[in-house]
Amino acid sequence: MNLHEYQGKEILAGHGVRVQRGIVANSPAEAVAAAKQLTAETGTSWHVVKAQIHAGGRGKGGGVKLAKNLQQVEEIAGQIIGMDLITPQTPPTGKRVHKVLIAEDVYYPGESETSEFYMSVLLNRGRGRNMIMYSTEGGMDIEEVAEHTPHLIFTEEIDPAVGLQGFQARRIAFNLGLSGNAFKEMTAFVAALYNAYIDSDASMFEINPVLKTSDDKILAVDAKVVLDDNALYRQKKYADMRDIREENPIEVEAKEVGLNYVDLDGTVGCMVNGAGLAMATMDLIKYAGFEPANFLDVGGTADAKRVETAFRIILKDPNVKAILINIFGGIVRCDRVAQGVVDAYKNMGDSIKVPIIVRLQGTNADIAKELIDNSGMPILSATLFQEAADQVKAALS
């Protein structure tokens with residue numbers, strides 16, 4: 001589950017991480033009120049207006065701007081709220097901005113120069129350990145840093161048996177070239193950041209940039225946070241932070257009815273039972289020369305009602321030109337699935353305007369094929385993987 005910047009900063013601040021303070025606003029008027037409150041609390045005279053969407057690169061798209069007075073706060077907030085912000089991480093049409101964060105200016109002059117760093121905490125799946133990735137090149141896309149200057153990216157793996165150790169936090173501060181109070185601040189920052197990651201059951205915390213201010217304080221200017229959906233049952237206070245306006249509406253609807261659905265860019269809709277078979281089916285579609293339109297796992301209870309619901313979800317995507325149903329009858333009998341497909345097709349009437357290819361294998365597969373072939377419905381049945389691929393190809397050629 002993705003969080004907005006202001007929500008991620010709430011979690012960080014709750015674990016003792018110093019953050020760039022800010023107040024969220026839903027309108028230009030609220031933005032001005034937030035700026036006034038922020039000035040009273042922090043003394044800041046300039047304010048940063050930051051679009052709140054689930055995507056990075058907001059500054060490049062015009063979603064992060066500096067306001068030097070209250071009039072500019074109101075004007076900039078009015079420009080950003082309601083805009084379709086396009087960044088390298090959004091769809092081509094962009095994402096609609098519903099709220100902005102009015103943040104304090106932390107790039108104030110002082111005794112030393114400010115410095116920006118990159119830092120993230122995530123799981124190294126290959127090693128089965130959490131790791132902290134960091135770089136002196138803050139404020140830049142980490143992908144560009146990795147491509148052009150990989151020697152400037154450091155990693156620190158954490159042994160799950162003992163957790164983050166003090167010497168590791170100090171090594172991070174040393175590798176970032178810090179000394180004095182900034183060194184001490186960074187070691188405390190790293191420890192608090194890692195605790196926030198662990199305690200919130202996150203799958204990623206990314207801070208870009210981490211700022212060393214002109215008076216040697218270390219703070220998070222941004223926060224990109226992804227929480228593990230599977231752990232939300234024990235993180236109910238964070239579950240309420242979900243903003244479904246930022247999610248694909250078809251995926252939201254599918255989740256509400258208990259279907260595992262991921263929207264993709266292809267033209268062949270998939271309805272499969274089991275994640276492994278679903279991945280193989282997507283490979284099958286690509287092997288046939290096409291692209292899958294979705295990942296959809298209906299699970300082991302593929303009855304008529306569930307199949308009909310899956311049909312309706314898939315057909316909400318206007319790019320779907322054919323649907324491939326691939327079921328292995330282990331837990332569920334193939335003849336039951338076949339009857340569900342036929343019943344669903346009858347119930348939906350003329351709303352299904354694309355060819356349906358059904359490949360059933362396993363328990364009662366022969367009975368299932370006979371049910372489909374004798375249904376009188378324009379449903380193509382297959383037994384073998386290659387046969388299904390050939391029928392998809394023929395249907396779309």
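From a predicted model like this one, the values you see are computed outputs, not experimental measurements. (Residues numbered from 1 in each chain as written. Predicted model: local features only at pLDDT ≥ 70, side-chain atom pairs only at ≥ 80, totals over all residues. Heavy atoms only, no water.)

Undergrad: Would you mind going over the UniProt feature "binding site: ATP" (unreviewed entry) in the chain with me for this structure?
TA: According to UniProt, the feature "binding site: ATP" (unreviewed entry) maps to Lys50, Gly57, Arg58, Gly59, Val106 and Glu116 in the numbering used here. Tracing the backbone through its elements, the reader meets Gly57 in the loop between strand 2 (47-51) and strand 3 (64-67). Using a relative accessible area of 27% as the deciding quantity, one classes Gly57 as partly exposed. With residues up to four places along the chain from it excluded, the contact list for Gly57 reads Thr87 and Pro88. Relative to the assigned elements, Glu116 resides in strand 7 (residues 115-124). The exposure class assigned to Glu116 is partly exposed, which follows from its relative accessible area of 29%. (UniProt positions renumbered as here; feature names shortened; annotations may be inferred. Helix = DSSP H or I, 4+ residues; strand = E, 2+ residues; numbered from the N terminus. Buried < 20%, exposed > 50% of the residue type's maximum accessible area, 1.4 Å probe, protein only. Contact = heavy atoms within 4.5 Å.)

Undergrad: What should I look at first to understand the pattern of salt bridges in this one?
TA: One side chain can pair with another of opposite charge once the charged atoms of both are near each other. By the definition in use, this model includes 22 salt bridges. Arg127 is the partner of Glu157 in a salt bridge, and the nearest nitrogen-oxygen pair spans 3.1 Å. Within this pair, whereas Glu157 is found in strand 9 (residues 153-158), its partner Arg127 is found in the loop between strand 7 and strand 8 (129-135), the two being separated by 30 residues in sequence. The exposure class assigned to Arg127 is exposed, which follows from its relative accessible area of 53%. Where salt bridges share partners, they join Glu5, Lys9, Lys50, Arg58 and Asp222 into one cluster. (Salt bridge = Lys/Arg side-chain N within 4 Å of Asp/Glu carboxyl O.)

Undergrad: I would appreciate a short explanation of the packing of helix 5 (residues 166-175) against helix 6 (residues 180-199) in the present structure.
TA: Pairs of packed helices are described in terms of their axes, by the angle between the two and the distance that separates them. Where helix 5 contacts helix 6, the two axes come as close as 8 Å, and the packing angle between them is 130°. Comparing their axes, helix 6 and helix 5 come out oblique. At the point where helix 5 passes helix 6, the crossing takes the right-handed sense. The residues of helix 6 that touch helix 5, namely those facing Ala169, Arg170, Ile172, Ala173 and Phe174, are Phe183, Met186, Thr187 and Val190. The residue inventory of the contact of helix 5 with helix 6, partitioned by class, reads seven nonpolar, one polar and one charged. (Axes fitted to C-alpha atoms, helices over the stretch in contact; angles between N-to-C directions. Parallel < 35°, antiparallel > 145°, perpendicular 65-115°, else oblique. Left-handed = near helix turned anticlockwise from the far one by under 90°. Nonpolar A, V, L, I, M, F, W, Y, C, P; charged D, E, K, R; others polar.)

Undergrad: For this particular structure, what's the right way to read the environment of Val190?
TA: Here Val190 shows up in helix 6. Here the alpha-carbon distance between Val190 and Glu5, two residues 185 residues apart in the chain, equals 19 Å.

Undergrad: How do you make sense of the packing of helix 2 (residues 28-42) against helix 3 (residues 70-80) when you look at a structure like this?
TA: Running from amino to carboxyl end, helix 2 crosses helix 3 at an angle of 140°, the nearest separation of the two axes being 8 Å. In terms of crossing hand, the pair formed by helix 2 and helix 3 is right-handed. From helix 2, Pro28, Ala31, Val32, Ala35 and Lys36 reach across to helix 3, where they touch Leu70, Val73, Glu74, Ala77 and Gly78.

Undergrad: Hey, could you run me through the sheet that holds strand 2 in this one?
TA: In a beta sheet, neighbouring strands are held together by backbone hydrogen bonds and run either parallel or antiparallel to one another. An order of 1-6-2-3 is seen for the four strands of this open sheet, with the pairing classed as antiparallel. Looking along the sheet, the strands with just one partner apiece sit at the ends: strand 1 (22-25) and strand 3. Strand-to-strand twist of the sheet, defined as the mean angle between neighbouring strand axes without regard to direction, takes the value 25°. Pairing of strand 2 with strand 3, which is carried by four bridges, proceeds in the antiparallel orientation. Within the sheet, the bridge partner assigned to Val49 lies in strand 3 and is Lys65. Of the strands in this sheet, strand 1, strand 2 and strand 6 (100-104) are in contact with helix 1 (residues 5-14), which crosses strand 6 at around 50°. Sitting on the sheet, helix 3 is in contact with strand 2, strand 3 and strand 6, with an inclination near 165° to strand 3. (Pairing = 2+ DSSP bridges.)

Undergrad: Could you clarify how one ought to interpret the nonpolar core in this entry?
TA: A general feature of soluble globular proteins is that nonpolar side chains tend to end up buried together. Ranked by size, the top nonpolar core spans 39 residues in total, and within it Leu12, Met119, Ile132, Met186, Phe189 and Phe205 carry the most contacts. Listing elements by their share of this core, those giving two or more residues are helix 1, strand 7, strand 8, helix 5, helix 6, strand 10 (202-212), strand 11 (218-220) and strand 12 (224-227). Considering every element that reaches this core, the biggest residue donor is helix 6, with nine residues. Excluding residues that lie within four positions of it along the chain, Phe189 makes contacts with Val17, Arg18, Met119, Val210, Ile218, Leu219 and Ala220. Grouped together as the second largest cluster of nonpolar side chains are 34 residues, Ala254, Leu259, Ile323 and Val358 included. (Core = buried A, V, L, I, M, F, W, Y, C linked by side-chain atoms within 4.5 Å.)

Undergrad: Can you help me understand the packing of aromatic side chains in this one?
TA: Two descriptors summarise a pair of aromatic rings, namely the distance from one centre to the other and the angle between the planes of the rings. Following the criterion strictly, the structure yields three aromatic pairs and no others. Centre to centre, the rings of Tyr197 and Phe205 are 6.4 Å apart; their planes meet at 75°, and the pair counts as edge-to-face. Residue Tyr197 is classed as buried on the basis of its relative accessible area, which comes to 4%. Within the aromatic cluster, the residues linked to one another by ring pairs are Tyr194, Tyr197 and Phe205. In this structure, Arg359 is placed above the aromatic ring of Phe385, and the distance from its NZ or CZ to the ring centre is 4.6 Å. (Phe/Tyr/Trp six-rings, centres within 6.5 Å; stacked < 30°, edge-to-face > 60°. Lys NZ or Arg CZ within 6 Å of the ring centre and 35° of its normal.)

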